[in-house]
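# Coordinates in review
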Amino acid sequence: MELRIRVRQLHAEPESEGLYGVCGNSGDTVRFDFDEEWALYPEKTAIVVFASETGRCVTEIPFSGDCCVLPLVERTSLVRIGVSAGDIRTAAFARIPYAACITDIIAEEMNPQADIYDRLLAELMHSGTQDICRGGYLVTADGDYLATAAGDYLMTKE
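Residues numbered from 1 in each chain as written. Predicted model: local features only at pLDDT ≥ 70, side-chain atom pairs only at ≥ 80, totals over all residues. Heavy atoms only, no water.

### A word on the nonpolar core
Put simply, the test is: In plain words, nonpolar cores are sets of buried Ala, Val, Leu, Ile, Met, Phe, Trp, Tyr and Cys residues tied together by side-chain atoms within 4.5 Å. Burial here depends on accessible area, computed with a 1.4 Å probe over protein chains only, as a share of the maximum for the residue type. Under 20% is buried, over 50% is exposed, and the range in between is partly exposed. Counting from the N terminus, the helices are the DSSP runs of H or I reaching at least four residues and the strands are the DSSP runs of E reaching at least two. The contact definition used throughout considers only heavy atoms, calling two residues in contact when any of these lie within 4.5 Å.
Counting 28 residues, the largest nonpolar core has I5, V30, F32, V48, I81 and Y98 as its most contacted members. Elements with a minimum of two residues in this core: β1 (2-8), β4 (29-34), β5 (43-52), β6 (55-64), β8 (78-85) and β10 (94-99). Of all the elements, β8 adds the most residues to this core, at 4 residues. In contact with Y98, not counting residues within four places along its chain, are L3, G21, V22, C23, D28, L70, V73, T76, S77, L78 and V79.

The following block contains the structure:
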């Protein structure tokens, strides 16, 4: 993704409203549109501040021309981007909101429980006929349904 930032009179701002990045993607670039003031400085440094729930991290990215590559952005809600070169510094930085991606979600892997019906039937099939409410129950050999010894239907796998 290319983030386009305009720098005018020492203020950096996104070129378009609603611009946002998406975390978890490597290779995002920032393309700057500089005013004349920056023409004397082919070598520049992008100063990037990553803001997340755990704090802030700052990185400096030297580049020449008008484009630089951002490091991988993870678990970040906002990126602030400014530029410096020679004796010029931006007075204001561009704010780029970042949306979380699916790999940003920190969670334990879910191992689904075995189907409860299958577990109950397996236990009942190995325990023989049992007294339940003054009666017994039977499980078919293929585990399709459960019935009382008197023939009353209790449940089916569906």
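### Describing the sheet that holds strand β2 (residues 11-14)
Through backbone hydrogen bonds, the strands of a sheet pair up, either in parallel or in antiparallel fashion. The condition is simple: When DSSP locates at least two bridges between a pair of strands, those strands are taken to pair. Axis definition: a line fit to C-alpha positions, over the contact stretch in the case of helices; interaxial angles, taken between N-to-C directions, run 0 to 180 degrees.
Strands sit in the order β2-β1-β4-β7 across an open sheet of 4 strands; the sheet is mixed. A single partner strand is all that each edge strand has here, and the edge strands are β2 and β7 (67-69). The sheet shows a mean angle of 25 degrees between the axes of neighbouring strands, taken without regard to direction. Pairing between β1 and β4: 6 bridges, direction parallel. Directly across from I5, in β4, lies its bridge partner F32.

### Quick word on the environment of L19
Along the chain, the position of L19 falls in the loop between β2 and β3 (21-22). On the accessibility criterion, L19 (15% relative accessible area) is buried. L19 sits 76 residues away from R95 along the chain, and the two C-alpha atoms are 9.4 Å apart. When neighbours within four sequence positions are excluded, L19 is seen to be in contact with M1, L3, R4, P14, I96 and P97.

### Re the pattern of salt bridges
Heads up, the rule is: Whenever a carboxyl oxygen of Asp or Glu lies within 4 Å of a side-chain nitrogen of Lys or Arg, that contact is scored as a salt bridge.
In the structure shown here, the tally under the stated rule is 6 salt bridges. Residue E2 is joined to R4 by a salt bridge in which the shortest nitrogen-to-oxygen separation is 2.8 Å. Here R31 ties to D66 by a salt bridge, and the two come within 3.1 Å at their closest N and O atoms. Here R31, found in strand β4, pairs with D66, found in the loop between β6 and β7; they are 35 residues apart in sequence, far enough to count as distant. Each of the salt bridges in this network shares a partner with another, and the network as a whole consists of E2, R4, E15, R31 and D66.

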